[in-house]
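Single-letter residue listing:
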Amino acid sequence: MKIQFSILILCLTSVFAAAQNEEIEIPNDVKPFVEKGYIPIALEKGDLNGDGTKDCILVLSKPTHDSNTYDEVGDALRPTMILVRDAGGTLSLAARNDHAVYCKNCGGMMGDPFQGVTIKGTTFSVLNAGGSSDRWDETYTFGYSRRDRQWQLTRVEENSFSNFKPDKVKTVILMPPKSFGLITFGDFDPENIKGKGAK
């Protein structure tokens, strides 16, 4: 199972790294949320707050120029926005985070680390992966709280393995309340998780 997982990560990294600098097509009602100087690189739809309407997660990035040379634009933060739809069908910004999706240059030799966003019910996950001879991937999962009406960090999974020993995967799972307390999507910072948030 771990060998299959390692091979999957290798394949995904190469595929997504080649694609994440490309602007994607988005619906007209999402276009107002694309900030000047950015392009949309991911858009996923789902009922994120359980009200029966289709919401969106939009990821933006500054366009870089030549993927074969260093481009400081690739160090820019990438906004991730949760857009919720009201009963009338109008989208509005519910939450934003600039750290969940890593910068284009943050994947090391493997290139762009952003591997995509997945939605399951009112829960969504953001996956980043990268490395060189030592590979890594990190998945951050957020769930919607009906009481607080916001998305909170519910799980962190970190995997790492050597390219020379792909069958030996080290996995670390972080979950509340043992590893961290209440961390909202807007406040999430992968560099500052452990021990954070009121428990």
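Our structure is the block above this text.
From a predicted model like this one, the values you see are computed outputs, not experimental measurements. (Residues numbered from 1 in each chain as written. Predicted model: local features only at pLDDT ≥ 70, side-chain atom pairs only at ≥ 80, totals over all residues. Heavy atoms only, no water.)

Draft legend 1. Layout of the sheet that holds strand S4 (residues 91-101). On the basis of which strands lie adjacent, the open sheet formed by 4 strands has the order S1-S2-S3-S4 and antiparallel pairing. Across the chains shown, the open sheet's two edge strands, defined by having one partner strand only, are strand S1 (39-46) and S4. Adjacent strand axes in the sheet meet at a mean angle of 20 degrees when their direction is disregarded. Pairing geometry for strand S2 (residues 55-61) and strand S3 (residues 78-85), over 4 bridges, is antiparallel. Across the sheet, residue Leu-58 finds its bridge partner in S3, namely Met-81. (Pairing = 2+ DSSP bridges. Helix = DSSP H or I, 4+ residues; strand = E, 2+ residues; numbered from the N terminus. Axes fitted to C-alpha atoms, helices over the stretch in contact; angles between N-to-C directions.)

Draft legend 2. Focus on the pattern of salt bridges. All told, the structure shown has 6 salt bridges when counted by the stated rule. Residues Asp-29 and Arg-85 are paired through a salt bridge, measuring 2.9 Å at the closest nitrogen-oxygen approach. On the criterion of sequence distance, the pair formed by Asp-29 in the loop between helix H1 (2-19) and S1 and Arg-85 in strand S3 is long-range, its members being 56 residues apart. Residue classification places Asp-29 among the partly exposed positions, given a relative accessible area of 33%. Notably, a salt bridge pairs Asp-98 with Arg-96, separated by 2.9 Å at the nearest N-O pair. The exposure class assigned to Asp-98 is partly exposed, which follows from its relative accessible area of 22%. Overlapping salt bridges bring together Glu-35, Arg-96 and Asp-98 as one network. (Salt bridge = Lys/Arg side-chain N within 4 Å of Asp/Glu carboxyl O. Buried < 20%, exposed > 50% of the residue type's maximum accessible area, 1.4 Å probe, protein only.)

Draft legend 3. Geometry of the state of the cysteines. In total, this model carries 1 disulfide according to the counting rule given. Between Cys-103 and Cys-106 runs a disulfide, and the two sulfur atoms are separated by 2.1 Å. What sets the handedness of the Cys-103 and Cys-106 disulfide is the S-S torsion sign, and at about 100 degrees it is right-handed. Judged by relative accessible area, Cys-106 falls into the partly exposed class, the value being 37%. (Disulfide = S-S within 2.5 Å.)

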